[in-house]
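The residues making up each chain are set out below.
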Amino acid sequence: MTTTLPASPAPRRARSNSTLATAIRRLRRHRAAMVSLAVIVVLILTAIFAPLIAPYDPNSQDLAGIYAPPGAAHLMGQDSLGRDLLSRIIYGSRISLLVGFSVSLFSILLGTLMGVLAGFFGGRTDTVISRFIEIMLSVPELPLQLTLSGLFAVSDAPAIVALRENPNSSVFIIVGIFTFFGWMGTARLVRGEVLKLKNLEYVDAARALGASSARVMARHLVPNLLAIIIVNGTLAVGGAILGEAALSFLGFGIQPPVSTWGNMLSNANEVVLEHPFVAFWPGFAILITVLAFNFLGDGLRDAFDPKSRL
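Treat the numbers as computed from the prediction; the structure is a model and nothing was measured.

Caption draft 1: Seen up close, the side chain of Thr234. As for its placement among the helices and strands, Thr234 is situated in helix 12 (residues 226-249). Within the structure, Thr234 has its side chain in polar contact with the backbone oxygen of Ile230 (distance 2.9 Å).

Next up, the structure:
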């Protein structure tokens, strides 16, 4: 009599063997990245719950407390109009993170689209996109950003005038300007990766089965670009925050009464020697935030890099 043994269940792929799980495990070993992630989470929660956390209205003026130093009532002191610096720092995190994440998102979307199209189709499409990227990269960004921001501020075009009537118009303008200049790096990286991926066997198999070009790009190429997209998106947030602060410091960025770390630095420019704390706190906030996103980006790059020995 023959005994039939029950079939053993098919072994499941261990989670630790998956690319994502391996990347997460490697990221958790990167101490600087994990500390930076904790800082970023705190910043995001602070921006979300700013009305509950801020001790004062960020625009409330106390003329008797102009340039009052840090104390029990105002932990970071008061500015040129007697406004509480801590409250303005907290509310300023909303604008800085909004600009950073918005610019990163739109730049990554545009850069990925252009890079995939250039790498996948090649030929004339690749030539046109690549030449345009090279032209854009040869343009000095800061002077042109200042020029565009100034033109939006004085333009008489009906659409621009209508946009300026919105109190948050300068935020939209800054996001648009930085997105226009921020997608080329991602496009070049994505293009190079697509040039390698499009000749692999699984892509050829998808084409042989009748998959359209759009389906091949969306289902078989873009998912394999997620590591590049995530890393560049994280690094782009810090760059956008720093760029917004620079423009606002020069007076061409987000305008008062909207509180941003950049225009807080601009307001403190003339009194930095007499009242250094007015410039220190927004500068420190920018420093910590940009460092956190840069360290997290480095950690993600190491985590997704199979050659890394983290």
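Still more to cover.
Caption draft 2: Just helix 4 (residues 85-121), in detail. Compared with the 54 Å implied by 1.5 Å per residue over 37 residues, the 53 Å span of helix 4 between its first and last C-alpha is a close match. With 26 of 37 residues buried, helix 4 is to be regarded as a mostly interior element. Where helix 4 ends, the next residue or the one after it, Gly122, has phi of about 60°, a positive value.

Caption draft 3: Up close: the environment of Pro51. Along the chain, Pro51 turns up in helix 3 (residues 50-53). For the pair Pro51 and Ile90, spaced 39 residues apart in the sequence, the C-alpha separation amounts to 8.9 Å. Residue contacts for Pro51: discarding those within four places in its chain leaves Tyr91 and Arg94.

Caption draft 4: Representation of helix 5 (residues 123-138) in the model. If you check helix 5, its first and last C-alpha atoms are 23 Å apart, about what 16 residues at 1.5 Å a residue would give, namely 22 Å. What helix 5 keeps buried is the set Asp126, Ile129, Ser130, Ile133 and Met136. The arc that holds every buried residue of helix 5, seen down its axis, measures 125°, which confines them to one face. Residues of helix 5 that are exposed and point more than 90 degrees away from the buried face comprise Gly123, Arg124, Val128, Ile135 and Ser138.

Criteria and thresholds
Residues numbered from 1 in each chain as written. Predicted model: local features only at pLDDT ≥ 70, side-chain atom pairs only at ≥ 80, totals over all residues. Heavy atoms only, no water. Helix = DSSP H or I, 4+ residues; strand = E, 2+ residues; numbered from the N terminus. Polar contact = N/O pair within 3.5 Å; in protein donor to acceptor, adjacent residues only side chain to side chain. Expected span 1.5 Å × (residues − 1). Buried < 20%, exposed > 50% of the residue type's maximum accessible area, 1.4 Å probe, protein only. Contact = heavy atoms within 4.5 Å. Arc of directions from axis to C-beta.

Just geometry here; none of it tells us what the structure is for.
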